[in-house]
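Below are the chains, spelled out letter by letter.
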Amino acid sequence: MASPPILFLRDINLTFGANPLLEGADLFIAKGDRICLVGRNGSGKSTLLKIAAGLIEADNGEVFVQPGTSIRYLAQEPDFSSFKTVLEYAHSGIESGDHLHQSSYFLEQFGLSGDEKLTNLSGGERRRVALAHVLATKPEILLLDEPTNHLDIEAIEWLEAYLKSTSAALVLISHDRRFL
């Protein structure tokens with residue numbers, strides 16, 4: 001018997017201007033699921049993840065999240081503009097001391113001290129910072145939009161091992177066939 005969903009989107013519709021982006025889209029996520037959204041660029045995959053994360057609202061449809069379920073979203077292009085250092089971004093919005101320690105641990109795993117200035121980082125380093133921030137709270141659902149973008153092989157292998165070991169439900173978008 002299938003587990004009940006801890007998050008679902010049912011009959012989601014979203015239109016930008018006169019053009020429908022999502023029509024009747026459904027997404028059901030149960031504990032421990034491993035889901036990959038596949039489709040052409042511009043087909044609404046990232047938008048569907050943003051709706052699941054609660055960042056944008058659909059025109060209509062039903063969104064349900066099991067009360068108490070923690071969700072973390074990794075954007076394709078995280079906004080670092082309000083932060084000066086790696087540690088400042090990695091710790092942003094995290095209140096628990098244990099989770100602050102976890103974000104520092106993940107930074108260390110990715111070869112970052114936390115003192116680095118965000119403006120001086122490469123694309124791969126910025127991606128590592130964003131991953132450290134998202135993974136730190138050990139959420140029940142991880143929504144990852146192109147998590148391997150800009151990462152080198154070593155960081156991708158680390159991420160693969162981590163994702164295999166986590167009990168979190170995963171929903172990801174990736175064009176990296178080897179990673180999938």
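The coordinates are above.
Residues numbered from 1 in each chain as written. Predicted model: local features only at pLDDT ≥ 70, side-chain atom pairs only at ≥ 80, totals over all residues. Heavy atoms only, no water.

Participant: Tell me about the packing of aromatic side chains, and name the residues and values.
Facilitator: For the structure on display, the rule yields 9 aromatic pairs. An angle of 85° between the planes, with centres 5.2 Å apart, marks the rings of F83 and Y89 as edge-to-face. The partly exposed category is assigned to F83, whose relative accessible area is 24%. Owing to a relative accessible area of 9%, Y89 belongs among the buried residues under this scheme. Cluster of aromatic residues (ring-pair linked, three or more members): Y105, F106, F110, W158 and Y162. (Phe/Tyr/Trp six-rings, centres within 6.5 Å; stacked < 30°, edge-to-face > 60°. Buried < 20%, exposed > 50% of the residue type's maximum accessible area, 1.4 Å probe, protein only.)

Participant: Account for the sheet that holds strand β1 (residues 5-16), with residues named and values stated.
Facilitator: Taken in spatial order, the 3 strands line up as β2-β1-β4 in an open sheet, and their pairing is antiparallel. Two strands bound the open sheet, and with one partner strand each, they are β2 (19-30) and β4 (60-65). Put simply, the sheet's adjacent strands are angled 15° from each other on average, direction ignored. Of the pairings in the sheet, the one linking β1 to β2 comprises 8 bridges and is antiparallel in character. From the neighbouring strand, T15 faces β2, where its bridge partner is P20. The sheet contacts of helix α1 (residues 45-52) involve β1, β2 and β4, and relative to β1 the element is tilted by about 125°. (Pairing = 2+ DSSP bridges. Helix = DSSP H or I, 4+ residues; strand = E, 2+ residues; numbered from the N terminus. Axes fitted to C-alpha atoms, helices over the stretch in contact; angles between N-to-C directions. Contact = heavy atoms within 4.5 Å.)

Participant: Explain the sheet that holds strand β5 (residues 71-74) to me, using residue names and the numbers behind them.
Facilitator: Strands sit in the order β3-β7-β6-β5 across an open sheet of 4 strands; the sheet is parallel. Strands at the two margins of the open sheet, each flanked by one partner only, are β3 (34-37) and β5. The sheet shows a mean angle of 10° between the axes of neighbouring strands, direction not considered. Here 4 bridges tie β3 to strand β7 (residues 169-173), and the two strands are oriented parallel to one another. Residue I35 lies in a different strand from β7, and its bridge partner there is V171.

Participant: For helix α5 (residues 153-165), give the residues involved together with the corresponding values.
Facilitator: The end-to-end C-alpha distance of α5, which contains 13 residues, comes to 18 Å, matching closely the 18 Å that a straight helix rising 1.5 Å per residue would cover. Looking only at α5, the buried set comprises A155, I156, W158, L159, E160, Y162 and L163. The inward-facing, buried residues of α5 abut β3, α3 (97-109), α4 (123-135), β6 (141-145) and β7. (Expected span 1.5 Å × (residues − 1).)

Participant: Account for the pairing of β6, with residues named and values stated.
Facilitator: Burial within β6 is extensive, with 5 of its 5 residues counted as buried. The alternating pattern of β6 places I141, L143 and D145 on one face and L142 and L144 on the opposite face, and all of these are buried. Bridge count between β5 and β6: 4 bridges; the pairing is parallel. Each residue of the ladder has a partner; that of I71, found in β6, is I141. Examined bridge by bridge, β6 and β7 share 5 bridges and lie parallel to one another. Paired with D145 across the two strands is I173, which belongs to β7. Running through α5, the crossover from β6 to the neighbouring parallel element β7 is right-handed. (Right-handed = clockwise from strand over helix to strand, strands pointing away.)

Participant: Kindly report on the nonpolar core, identifying the contributing residues and their values.
Facilitator: As a rule of thumb, nonpolar side chains are buried together in soluble globular proteins. In this structure, V129, L142, L159 and L163 are the most contacted members of the largest nonpolar core, which totals 30 residues. The residues touching L159, leaving out its near neighbours within four places in the chain, are L131, L135, P147, T148, L151 and F179. Counting 23 residues, the second largest nonpolar core, distinct from the first, contains I35, L37, A169 and V171. (Core = buried A, V, L, I, M, F, W, Y, C linked by side-chain atoms within 4.5 Å.)

Participant: How would you summarise the pattern of salt bridges if you had to cite specific residues and measurements?
Facilitator: Per the stated rule, a full pass over the model turns up 3 salt bridges. In this structure, E62 engages R10 in a salt bridge whose closest nitrogen and oxygen atoms are separated by 3.3 Å. Here E62, found in strand β4, pairs with R10, found in strand β1; they are 52 residues apart in sequence, far enough to count as distant. Since its relative accessible area comes to 38%, R10 is described here as partly exposed. Taking the shortest distance from any N to any O, the salt bridge between D152 and R128 comes out at 2.8 Å. Taken together, the residues span a long stretch of sequence, with D152 in the loop between β6 and α5 and R128 in helix α4 at a distance of 24 residues. (Salt bridge = Lys/Arg side-chain N within 4 Å of Asp/Glu carboxyl O.)

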